[in-house]
There are 2 protein chains.
Amino acid sequence: MKCTILTVGTEILFGSIVNTNAVFLSQELQNIGVDVMYHMTCGDNPKRLKEMLAHAYEDCDLIITTGGLGPTQDDLTKENIAEFFGEKLVMNEVEKQRIIDWFAQTGRPCTENNYKQAVFPEHCTILPNPMGTAPGFMISKEGRILASLPGPPVEMRPMFTQYVKPVLAGMCDSRLYYKSLRFIDIGESYLETKLLPLIDGQTDPTLATYATPFECSLRIASKRATLEQAQRVVDDMVEKVRAIVGENIYSEDGSTIDQVVLKLLLSRKISLSSAESITGGQFAKTVTDMAGISEIFDRGIVTYSNRAKMEELGVSAETLDRYGAVSEQTAGEMAEGLYRVTGSDVCVSVTGIAGPDGGTEETPVGTFFVGVCYKGKVSVKKHFVNRRTRANIRDGAVQFMFRDIYKVLRDLT
Amino acid sequence: MKCTILTVGTEILFGSIVNTNAVFLSQELQNIGVDVMYHMTCGDNPKRLKEMLAHAYEDCDLIITTGGLGPTQDDLTKENIAEFFGEKLVMNEVEKQRIIDWFAQTGRPCTENNYKQAVFPEHCTILPNPMGTAPGFMISKEGRILASLPGPPVEMRPMFTQYVKPVLAGMCDSRLYYKSLRFIDIGESYLETKLLPLIDGQTDPTLATYATPFECSLRIASKRATLEQAQRVVDDMVEKVRAIVGENIYSEDGSTIDQVVLKLLLSRKISLSSAESITGGQFAKTVTDMAGISEIFDRGIVTYSNRAKMEELGVSAETLDRYGAVSEQTAGEMAEGLYRVTGSDVCVSVTGIAGPDGGTEETPVGTFFVGVCYKGKVSVKKHFVNRRTRANIRDGAVQFMFRDIYKVLRDLT
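Note that this is a predicted model, so its numbers are computed, not measured.

Digging into the overall build of chain A
Item 1. Looking only at helices and strands, chain A has 14 helices and 17 strands in total.
Item 2. Overall size of chain A, expressed as C-alpha extent along the three principal axes, is 80 × 60 × 40 Å.
Item 3. Considering chain A as a whole, with its 413 residues, one finds that 56% of them fall into the buried category.
Item 4. The long-range fraction of contacts in chain A, counting pairs at least 24 apart against all pairs at least 6 apart in sequence, stands at 68%.

The structure is reproduced here in C-alpha cells:
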C-alpha cells in the first residue's frame, strides 16, 4: 500500500509551525507496512489542494490529509475533497448536536460557523473526535482510500490510532516488526563499525543506527508475510547484537533512560527526590511526566539562587565561596543536604552552566556536576556537553542525571 | 515569486527526522517576499524526484531542493535535476581539489566516490559549502530559478543565507510585513466572529486566526512594494483590531505569555518563586529556559507528596485532610507558605489533577488551582482544562500560572 501524506495549512508554508503530523503518521504507517511515498503541503487554496489530491491519486492508493477541518472560512479541506471525489456535502444532525453540547459544556458561545464541522461527504465514515470539535472522515472510492484528519496533533493522533490505523493494518499484505535498542557509552560510528559484519549485505532484517542526542540507538526491522515471522527474524538478530555490544544496551523496547530508571524505582519501591540548579526543574518535570510516579517521587527543589542552595539544602557558604556554585563540592552538598531533608533513597542533584554566558576557561558553558546520594552515600560525576544551545545543555544534564542514577542502581545488583 | 521547497530524503518519509529545512527556508523566504506555495518530500528515487520537479516547474518560478547531494550511491538529486533541465554534468577541477584538500586536512582517507561532489550541471553557479564537502548549485533557465542545497541543516542554512537569499531578495518586487497578536480569554471562533467586518473581503492586509493550545492568535500580514508601506498597512489594521478586542490582546510581537510575564518581571525587578504540585517542576523549567532569569528567580519547590507540602511550605495537615491536596485552600496555603520561606515578590502555586487517574465527580481530571501571592497578598483561581492528555493538562496549568501572574501585574498598573 502506497501513501501520500498531504498536510494542509498556510502556517506550515509560513514556517510558523513544524509539520510533526507528517512525522507521526510516517512512523505509524511504516509500522503497519504502508510505504510512504510523498509528503506534500499546500495552503488552504482550492486549486492547489485539488492539484495535490490529483497527484496523490495518480501514484498512491492511500491518501491521508491533516488540517483544514476547523470552523473558520479558510478551512477548506473537506469541501475540496468532496468536490474531487464527486461527493455531495450533507449535514449530520448527530454531529451538530455534539458540537452544541461541547460548547454548552465549556461554557463558551457556539457561533454559527461551528456547524460547518457537522457537514460531511455523503458517502463516508465519520471519525469521532473526542479531543475537539472537528471530526474526521474516511472515503473509500475508486480503489483509493482517503482519510481526512484534523490538524492539531492532540486531535489527529488518537483519531488515527483508534479509527484509521486498525483498518489499514488489516489491509496490508505484509507486516513490519522492529525493535529499538538504546545504548549508552558508545558512539554511533563506533557502534556501526562493531556491527558491520551484521549490517553488510543485510536486506531483511535491516539494521539502522541513529545518533539521538547524547546517545545512540539501533533499529532492527523485518517485513514479512506475518508478524510472527518478522518477530522471529528480529529477535534472532537482537541476540547476535547482544553478543557483540550487550554491555552498552540499556533498553530493548525503545524505552528512554528516564523511563527505564523510573520503572526500576517504581518496581523496587525506591523513593526519589531531586535538587536542581542548571536544569531549573526539568528533571522533576520529566519525572512527573509519568502518571503514578507520586508513589516514589517525594519532592524536587529548584535552588536557582545561592541563598536557596543554603536555605533549602544546607550547602555551606564556605563551599559556595571557595569552590563556586558549579563545583563537585556544591553538587555533593546539594545531594547530601537533600537526603537530610527528605530521607529519600535516591537523592539526585545537579549544578552547572547552561549559558550562553557565565562560562570560564576552567568551567566552560556546558559543564555540569551530577550528585547521586543512594541511602546516604554520595558520589559526584563531572560531565561536559560540547557546543550546544542552552536547551541542549539542559536536556543533556537531565539525561545524565538519569544515566548516573541508572549506573548506581545497576551496580547494586 | 512563487516557490516550491522540495526535500529529498527517505529518512523524512520514514519519520526518522523532522523536516526542519522546510521550516527554516519558509521563514527566510517569507521575509524577503517569496510566496511558498508547496512543501514536497520524496525519497532518493529518479522517477518520483522528476515528477516532483515537473510539478514545481509547472506552478512556481523558484524551486529550492535540499538533500541528496552527498557522495554515496543513493544521492541522486543533482543527476536528476541536470537531466530534467537538459544539462550535461561536468567535473569541476577547482571543486575536486577542494575535496582532496578537505580530506587531507581532516586526516581521513578520500575515497573515489567523493569526487561525485565535484561534478555539476554545465550551466550553473556553484554554491560553496564551508561546513562540509557537498557544494550546492543554482540554475537559472527557462524563466525558472532552481537552487539545490545540501541536506544537513548546519550546511544548508549558511549556504542559503550567504549565497541564495541575497540574489532572491534583489529579484522580489514586494516585501512582506506581519504582526502576530496573541489573545487570552477569547476562543478562535468567537474572535473571528468579532473581527468578521475586518476579515470579510480583505485581501491585503490578510487576517488569519490560529488556535494555539489554550489561547488563540491573529496574524496580520501585508505585502507591498516597500517594507515601509507594508508596515503602515499592518499597523493601521492592528489599530482597528485593538479597538474591537484590545482587552484580550496580551502581546503584539508574537511573544508568548511566559515571555511577556518574565520580561515584565525582569524589567521591574520583581522577584519570583514557585511551588508546584501537578506541574511537577514544569513551571520552574519554563522560567529557567530564559537565560539571565536568575536575576529575579529565586527558587522553585516541587512538593509532590503531602509530606513535602507540609514540610516545605507549611501547609497544614488539617487543610490537606479537610479540603484535600487539590483545593483552593491548599493552593492558597502553598503560595502563602512559599512567601514566608522566600519573601519573593511573586509567589505562585499550583495543585491539581493531571490524570489519567485520581479524578472525582467534584474534582475531575483537568482541574487545578493557581495561587498568586503578590507581596504577601494571596488570590487563588480555579481552572479546568477539558478532555486533554496528562501532558496537555500540565501545559495548560503552566500557561494559566503565567496568565494569572500576568493579570495580577496588569491590574497593578
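Don't stop here, the text continues.
Notes on the domain arrangement of chain A
Residues and elements named next belong to chain A.
Item 1. Entries for chain A in the domain assignment read domain 1 (2–171), domain 2 (175–251) and domain 3 (257–412).
Item 2. Look at where the C-alpha atoms of domain 2 and domain 3 centre, and you get two points 32 Å apart.
Item 3. The partner domain 3 presents 12 residues to the 8 residues of domain 2 that form the contact.
Item 4. Broken down residue by residue, the surface that domain 2 buries against domain 3 is led by Ile184, Phe214 and Tyr250, which jointly contribute 73%.
Item 5. The interface formed by domain 2 and domain 3 contains 2 salt bridges.
Item 6. Across the salt bridge formed by Lys407 and Asp185, the nearest N and O atoms sit 3.0 Å from each other.
Item 7. Between domain 2 and domain 3 we count 3 residue pairs in polar contact (both at pLDDT 80 or more) in total.
Item 8. Sort the elements by how many residues they give to the side of domain 2 that touches domain 3 and strand E12 (residues 249–251) lands first, with 3 residues.
Item 9. Classifying every residue of the side of domain 2 that touches domain 3 gives 5 nonpolar, 1 polar and 2 charged.

Let's talk about the environment of B:Asp75
All names here are of chain B.
Item 1. Topologically, Asp75 is positioned in the loop between strand E3 (62–66) and helix H4 (77–84).
Item 2. With 67 residues separating them in the primary sequence, Asp75 and Val8 have C-alpha atoms 9.1 Å apart.
Item 3. The contact partners of Asp75, leaving out residues within four places of it in the chain, are Gly68, Leu69, Gly70 and Lys116.
Item 4. One polar contact links the side chain of Asp75 to the main-chain amide nitrogen of Gly70, over a distance of 3.5 Å.

Let's talk about the pattern of salt bridges
Item 1. Tallying each qualifying case throughout the model produces 48 salt bridges over all chains.
Item 2. The salt bridge partner of A:Arg299 is A:Asp298, with a shortest N-O separation of 2.9 Å.
Item 3. Under the relative-accessibility criterion, A:Arg299 is labelled buried at 0%.
Item 4. Residue classification places A:Asp298 among the buried residues on the basis of a relative accessible area of 8%.
Item 5. For B:Lys116, the salt bridge identified is with B:Glu79, shortest N-O distance 3.5 Å. One end of the pair, B:Lys116, is in the loop between helix H5 (93–106) and strand E5 (119–121); the other, B:Glu79, is in helix H4, and 37 residues separate them in sequence.

Re the sheet that holds strand E11 (residues 215–224) of chain A
Residue and element names in this part refer to chain A.
Item 1. Sheet architecture is open: 4 strands sit in the order E10-E11-E9-E12, paired in antiparallel fashion. Two strands bound the open sheet, and with one partner strand each, they are strand E10 (206–212) and E12. Each strand of the sheet is rotated relative to its neighbour by a mean of 35°, with strand direction disregarded.
Item 2. The pairing of strand E9 (residues 175–183) with E12 spans 2 bridges and is classified as antiparallel.

Here's the deal with unusual backbone geometry
Residues and elements named next belong to chain A.
Item 1. Cis geometry marks the peptide bond from Asp204 to Pro205; its omega dihedral reads 5°.
Item 2. For Pro205, the position within the fold is in the loop between helix H7 (188–199) and E10.
Item 3. Between Gly355 and Pro356 the backbone carries a cis peptide bond, its omega angle lying at 5°.
Item 4. With respect to the helices and strands, the residue Pro356 is situated in the loop between strand E15 (346–352) and strand E16 (367–374).

Side note on the interface of chain B and chain A
Item 1. With 72 residues of chain B at the contact, the number on the chain A side is 72 residues.
Item 2. Seen at the junction of chain B and chain A, the total is 6 salt bridges.
Item 3. For B:Arg299, the salt bridge is made with A:Glu311, and the minimal N-O distance between the two is 2.7 Å.
Item 4. Bridge count for strand E2 (residues 35–42) of chain A against strand E2 (residues 35–42) of chain B is 5 bridges, and the pairing is antiparallel. Along E2(B), the bridge assignment pairs A:Met40 with B:Met40.

A short note on the pairing of strand E16 (residues 367–374) of chain B
All names here are of chain B.
Item 1. Summarising burial for E16: 8 of the 8 residues are buried, a large majority.
Item 2. One ladder, built from 7 bridges, connects strand E15 (residues 346–352) with E16; its direction is antiparallel. Bridging from a neighbouring strand, Val350 pairs with Val370 of E16.
Item 3. In the sheet, E16 pairs with strand E17 (residues 377–384) via 8 bridges, with the strands oriented antiparallel. Within E17, the residue paired with Tyr374 across the bridge is Lys377.
Item 4. Connecting E16 to the antiparallel partner E17 that follows it, the hairpin turn spans 2 residues, and Lys375 within it adopts a positive phi of roughly 45°.

Criteria and thresholds
Residues numbered from 1 in each chain as written. Chains lettered and ligands numbered in written order. Predicted model: local features only at pLDDT ≥ 70, side-chain atom pairs only at ≥ 80, totals over all residues. Heavy atoms only, no water. Helix = DSSP H or I, 4+ residues; strand = E, 2+ residues; numbered from the N terminus. Buried < 20%, exposed > 50% of the residue type's maximum accessible area, 1.4 Å probe, protein only. Contact = heavy atoms within 4.5 Å. Domains from an automatic or database assignment. Buried area = accessible area lost by both parts, 1.4 Å probe. Salt bridge = Lys/Arg side-chain N within 4 Å of Asp/Glu carboxyl O. Polar contact = N/O pair within 3.5 Å; in protein donor to acceptor, adjacent residues only side chain to side chain. Nonpolar A, V, L, I, M, F, W, Y, C, P; charged D, E, K, R; others polar. Pairing = 2+ DSSP bridges. Axes fitted to C-alpha atoms, helices over the stretch in contact; angles between N-to-C directions.

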